[in-house]
Protein chains: 2
Amino acid sequence: MSQNDFFQRHQATLDQALNAIKSRDYWSPYPENPSPRVYGEDAAQKGEEAFKACLNNYFELEMPGITGEVAGEESPYGIDMNVRYPKVDFDVLIPEMKAAMKSWRDAGPDVRAGVCLEILDRLNKNSFEIANGVMHTSGQGFMMAFQAGGPHAQDRGLEAVAYAYRAMKEVPETATWTKPQGKHDPLVMEKKFHVVPRGVALVVGCSTFPTWNTYPGLFASLVTGNPVIVKPHPASVLPAAASIKIAQQVLKEAGFAPYLVSMVTDTADAPVTKELATHKDIKLIDFTGSNFFGNWLEENAKQAQVFTEKAGVNTVVIDSVNDIKAVARNLAFTLSLYSGQMCTTTQAIYIPRDGIKTADGEMSFDDVAQALSIATSKFLSDNDRACMVLGAIQSCATAERIKECEALGEVVLASEQREHPQFPNARIHTPMILKVDASEQDKYSEERFGPISFVIATDSTEHSLQLAQDVISEKGAITLGVYSTDDAVLEKAEEVAMEAGVALSVNLDGGVFVNQSAAFSDFHATGGNPASNASLTDGAFVTRRFIVVQSRRHI
Amino acid sequence: MSQNDFFQRHQATLDQALNAIKSRDYWSPYPENPSPRVYGEDAAQKGEEAFKACLNNYFELEMPGITGEVAGEESPYGIDMNVRYPKVDFDVLIPEMKAAMKSWRDAGPDVRAGVCLEILDRLNKNSFEIANGVMHTSGQGFMMAFQAGGPHAQDRGLEAVAYAYRAMKEVPETATWTKPQGKHDPLVMEKKFHVVPRGVALVVGCSTFPTWNTYPGLFASLVTGNPVIVKPHPASVLPAAASIKIAQQVLKEAGFAPYLVSMVTDTADAPVTKELATHKDIKLIDFTGSNFFGNWLEENAKQAQVFTEKAGVNTVVIDSVNDIKAVARNLAFTLSLYSGQMCTTTQAIYIPRDGIKTADGEMSFDDVAQALSIATSKFLSDNDRACMVLGAIQSCATAERIKECEALGEVVLASEQREHPQFPNARIHTPMILKVDASEQDKYSEERFGPISFVIATDSTEHSLQLAQDVISEKGAITLGVYSTDDAVLEKAEEVAMEAGVALSVNLDGGVFVNQSAAFSDFHATGGNPASNASLTDGAFVTRRFIVVQSRRHI
């Protein structure tokens, strides 16, 4: 096959993606509906079988420098994983990846974009296999694992390709420069402009979103010509491995070294990320995870461009509402979905201690808190449905944190342990809501990762907004939700969002939730507060992944 | 006046600039010819008068926090400057600048671009005044001070505006997001996307190019909504001050706080840059200067995005030529212009020890070196013309360095002291060329700033190219020139340029010189080797200066 075949095959999709990032209307080439009518009658079963075939088995990847095996995943649903992955000597791997970079670089943006879109297309066709992997490593419920781990992750990957492609194409490949010299002949030069990758890239994955948070950095670096090492979180390796296998197959078919996308796996007991991230030849790093390690990378991986998404205190401010039940239902879903283990889940809910206005009159602070508590209980009253939405708690530390945090405030809604209808050993806990006073800032202004949120009694909405701005500016946040029927308050909220550098959602009371962001339309994180130094996806996320090297000569 | 008037006035110029950065053909709205027919009959005289009126005087700028005066410039041409500048308490200044940022931010990209283009237009009209200031601080000859300090600097400023404007405009201000829901009504959201500046920006200027190296960062930060403090080099304050005064006038006329562009001046004895650059509210830093301080900023100013242009070992490789005289004339100009004090001047010239091929037959290493030496002597034989081209040596340290470096090799061309026809106290020195062996890497692979270059005897052209790649990768460089009549060598040179991340000029033997770069067409520095972490101007130079903050709500 010609190297350009993939580009031709996917050019229409790429063009649509380039339009989507401009218009920012809804668009996706990867259906989020896992229905057999969309993905094929046997897609679900085949995907599950492919997943099961990985269990208790060695997962093969093509990489130089394999020295043994490494394993250690444990499913939050309690099934035995026991997948073994290649253990790699990255001092052997990295030089080989560097050597393979030249032909990938010289292939140019079109060929690279074509390969990336083919990888994404095959990832999409394998969404069920990957969904099973995401579910059993992250603990997400199946539907979420399918959507967020499959099509939505693919969307984010494609979005990164589109941004990077546009940025590369803004540099012409050649130019003729003609400078008039009065009566003399003009000076004429012929110029070439090469898009040159930075070097080997590293993507450090997280345990909760092993594909959604890995694809943007992976594809942004790859399409700009950089070979990529994925270092998945030791608890969530399989979905990354399955994705990399597909990438390797496509690269090979297109005539490139498959290990242009490689995987380095470690375990919690013997982590390698620090050593790998400070390797002199690692020039780009994408990281999703804790502030502690993200800040460490920003300060220590000086040889690399570092893009981080870290933690924060996601916030909701309630000033006034039309329909408290609709608002409470909306927030109940946000607090429940994946047991609050999203980097966008609300933790701090500011409400004036004197209560709020509703269309039906005044409502006290405690009544608002109760409405939220009742809506959440009701939403989770059917255990089967609850388990599907909650999923399982990814790590023991998160489950323990619920207990540890109980004493931080007055319990408005207690967390319950639940039993999953299919997986008796699954680690399932419902959300806990605590009531605190605005003055107890040390309690609610640290990130408490997991299904833990606070209703916070403030002096007024003005006070709420000020606290929101201060805490987000200092601790970071990816989402801010504001509920108000007062335009002046909403205007002030817009100002707070700009000052704190956080995305704002206003009066969500229907089918859109503050913790969800849509690729091609919503920017995920801003890079403007301590929760991240980058945004998915903006120009800054892609332009630093390559340089332009020019040459010029007289014609 | 309406805030949009300036945008309307300059929209056609901005559109042309946006085209120019795409086509990368020659373009400039600011004539480089200082002729009275272009700039007006009395422009030169008025500019000189305006410059002279500054001497022995207090230079007024509008800034909160002025506490006294500071002075200390000394002209390399030996005239008395004695200009006094405001001394500012930046703990008073910075909060006021932050407060003024909001209205500048809310004015939006069009209004800001209009104001920036008006500033650039007035800078252009004041090119003679600024040229006198550049000449008497940097030591550049008048013609160069006019062109590089005037129109070419304005070009680089406009280029930065165009890049930043394009990047901001790639984010739509609003969008409607409509997500189909099968048989149900679609989810519809209305979204706003705000371009939000990072905060107060700092531009740290250099002594040799006080406007050319200041305008890109200044305008890139300003047009993206950030207030800007210029901290000029204490030896070259006046051209920056004159530029800032114009910026303040335009800002004021447009209804903004004039001190959105401010100046903090210090002296060599009492520098403030470290303190200023690590101030918590400084969010962007542009720096041109030494590796030592540039690296210090990159490592210590962690609260800011840091863009640096530092030093390196600019390189020429001679493999084979058609006309050695044309090549030698071209290189003689490069080595002579501004006494080699450009960040683009060649320092290392690699030549095979067994000689090169020319159209007239073989030529020995020594004959090539001699040709270069003779061409330089001849070019500088007329003292009046020599002084115009050489300009004066900016700092005593550079003048002393010539003497210090004499012992590093065999002197092929000795540096001479010259007397300027108009300025008897001017510090003028002609270039020195030293012969060394490739093995003496410590001698030629450190930057020797000033009119000092090395002809380096190598084993072969292959050896020359390998050394070029190694030294540039380790020490950095902004320019690489290669002379060869062999296509295979030129192909290899293209590869070396990509590997080392350096701009390549091929076979320059006419009116274009390796040390000159043209705005809108040539990328100055790549950000891909130790000589810089940024490029003038590419996408990466502008996209990190703002973030995007969105809000969304149901319609």
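The name given to chain A in an unreviewed UniProt entry is Phenylacetic acid degradation protein PaaN, and the organism recorded there is Oceanospirillum sediminis.

**Q** Tell me about the nonpolar core, and please be specific about residues and values.
**A** Counting 255 residues, the largest nonpolar core has A:Ile229, A:Ile285, B:Ile229 and B:Ile285 as the members making the most contacts within it. If we ignore the near neighbours within four places in the chain, the residues touching B:Ile229 are B:Leu93, B:Ile94, B:Met97, B:Val200, B:Ala201, B:Leu202, B:Val203, B:Ser262, B:Val264, B:Leu276 and B:Ile282.

**Q** Any chance you could break down the side chain of A:Gln347 for me, citing the residues and the numbers?
**A** Residues and elements named next belong to chain A. Looking at the secondary structure, you find Gln 347 in the loop between α12 (324–336) and β12 (348–352). Residue class for Gln 347 comes out buried when judged on its relative accessible area of 4%. In this structure the side chain of Gln 347 is engaged in a polar contact, spanning 2.7 Å, whose partner is the backbone oxygen of Glu 446. Within the structure, Gln 347 has its side chain in polar contact with the backbone nitrogen of Arg 448 (distance 2.7 Å). With residues up to four places along the chain from it excluded, the contact list for Gln 347 reads Val 313, Asn 314, Tyr 444, Glu 446, Glu 447, Arg 448, Ile 452, Ser 453 and Phe 454.

**Q** Lay out the relation of the copies chain A and chain B in plain terms, naming residues and giving numbers.
**A** Superposition of chain A onto chain B requires a rotation of 180 degrees combined with a translation of 0.0 Å along the rotation axis, giving an RMSD of 0.0 Å. Here the transformation between the copies is reduced to the relation of a two-fold axis. For chain A, the residue whose C-alpha comes nearest the rotation axis is A:Ala540, separated from it by 3.3 Å. The fraction of interface residues of chain A whose copies in chain B are also interface residues reaches 100%, indicating that both copies meet through the same surface.

**Q** So what's going on with the domain arrangement of chain A? Which residues, and what values?
**A** All names here are of chain A. If you check the domain split of chain A, you get domain 1 (31–311 + 538–554) and domain 2 (315–506). Placing a centre on the C-alpha atoms of domain 1 and another on those of domain 2 gives a separation of 33 Å. In this complex, domain 1 contributes 21 residues to the contact, which on the side of domain 2 involves 19 residues. For the pairing of domain 1 and domain 2, the buried interface totals around 1400 Å² over both sides, and the portion due to carbon and sulfur atoms is 63%.

**Q** Requested: an account of the pairing of strand β10 (residues 315–318) of chain B, with residues and values cited.
**A** All names here are of chain B. Of the two faces of β10, the one holding Thr 315 and Val 317 and the one holding Val 316 and Ile 318 are both buried throughout. Taken together, the 3 bridges between β10 and strand β12 (residues 348–352) define a ladder with parallel strand orientation. Bridging from a neighbouring strand, Val 316 pairs with Ile 349 of β12.

**Q** Lay out the sheet that holds strand β15 (residues 410–413) of chain A with the relevant residues and their values.
**A** As summarised here, the arrangement of the 10 strands in space is β15(A)-β18(A)-β19(A)-β12(A)-β10(A)-β20(A)-β21(A)-β22(B)-β4(B)-β3(B), forming an open sheet in which the pairing is mixed. The outermost strands of the open sheet, each flanked by one partner alone, are β15 of chain A together with β3 (174–181) of chain B. Recorded for the sheet is a direction-independent mean angle of 25 degrees between the axes of neighbouring strands. As paired strands, strand β18 (residues 432–437) of chain A and strand β19 (residues 452–458) of chain A are joined by 6 bridges and run parallel to one another.

**Q** An account of the interface of chain A and chain B is requested, with residue identities and associated values reported.
**A** Contacts between chain A and chain B engage 71 residues on the former and 71 residues on the latter. Together chain A and chain B conceal approximately 5700 Å² of surface at their shared face, both sides included; 53% is due to carbon and sulfur atoms. Counting every contact that joins chain A to chain B gives 16 salt bridges. One salt bridge connects B:Arg105 with A:Glu495, and the closest N-O pair in it is separated by 2.8 Å. Elements represented by at least two residues in the side of chain A that touches chain B include exactly α1 (5–23), α4 (90–125), β3 (174–181), β4 (184–197), α18 (487–500), β21 (503–506), α19 (539–543) and β22 (546–554) of chain A.

**Q** I'd like a rundown of the sheet that holds strand β11 (residues 320–321) of chain A, residues and numbers included.
**A** All names here are of chain A. One open sheet holds the 3 strands; their spatial order is β11-β13-β14, and the pairing between them is mixed. The open sheet has two free edges, formed respectively by β11 and β14 (361–363), since each of these has just one partner strand. Sheet analysis places strand β13 (residues 356–358) next to β14, joined by 3 bridges and oriented antiparallel. Residue pairing across strands places Thr 358 opposite Gly 361, the latter belonging to β14.

**Q** Tell me about the side chain of B:Ser464, residues and numbers included.
**A** All names here are of chain B. Tracing the backbone through its elements, the reader meets Ser 464 in helix α17 (residues 461–475). Since its relative accessible area comes to 0%, Ser 464 is described here as buried. Ignoring sequence-local partners within four residues, the contact set of Ser 464 consists of Val 317, Tyr 350, Ile 351, Pro 352 and Thr 458.

**Q** Just give me the short version of the environment of B:Ala438, but keep the residues and values in it.
**A** Within the secondary structure, B:Ala438 is located in the loop between β18 (432–437) and α16 (441–444). What B:Ala438 contacts, discounting residues up to four positions off in sequence, is B:Tyr444, B:Ile456, B:Ala457, B:Thr458, B:His463 and B:Leu467.

**Q** Kindly report on the packing of α4(A) against helix α8 (residues 215–223) of chain A, identifying the contributing residues and their values.
**A** Residues and elements named next belong to chain A. It is at 8 Å that the axes of α4 and α8 come closest, and there the two elements cross at 150 degrees. As far as their axial angle goes, α8 and α4 are roughly antiparallel. Note on element contacts: α8 touches α4 through Tyr 215, Phe 219, Leu 222 and Val 223, opposite Trp 104, Arg 112, Ala 113, Cys 116, Ile 119, Leu 120 and Leu 123.

The rules behind each value
- Residues numbered from 1 in each chain as written.
- Chains lettered and ligands numbered in written order.
- Predicted model: local features only at pLDDT ≥ 70, side-chain atom pairs only at ≥ 80, totals over all residues.
- Heavy atoms only, no water.
- Core = buried A, V, L, I, M, F, W, Y, C linked by side-chain atoms within 4.5 Å.
- Buried < 20%, exposed > 50% of the residue type's maximum accessible area, 1.4 Å probe, protein only.
- Contact = heavy atoms within 4.5 Å.
- Helix = DSSP H or I, 4+ residues; strand = E, 2+ residues; numbered from the N terminus.
- Polar contact = N/O pair within 3.5 Å; in protein donor to acceptor, adjacent residues only side chain to side chain.
- Least-squares fit on C-alpha atoms with pLDDT ≥ 70 in both.
- Domains from an automatic or database assignment.
- Buried area = accessible area lost by both parts, 1.4 Å probe.
- Pairing = 2+ DSSP bridges.
- Axes fitted to C-alpha atoms, helices over the stretch in contact; angles between N-to-C directions.
- Salt bridge = Lys/Arg side-chain N within 4 Å of Asp/Glu carboxyl O.
- Parallel < 35°, antiparallel > 145°, perpendicular 65-115°, else oblique.

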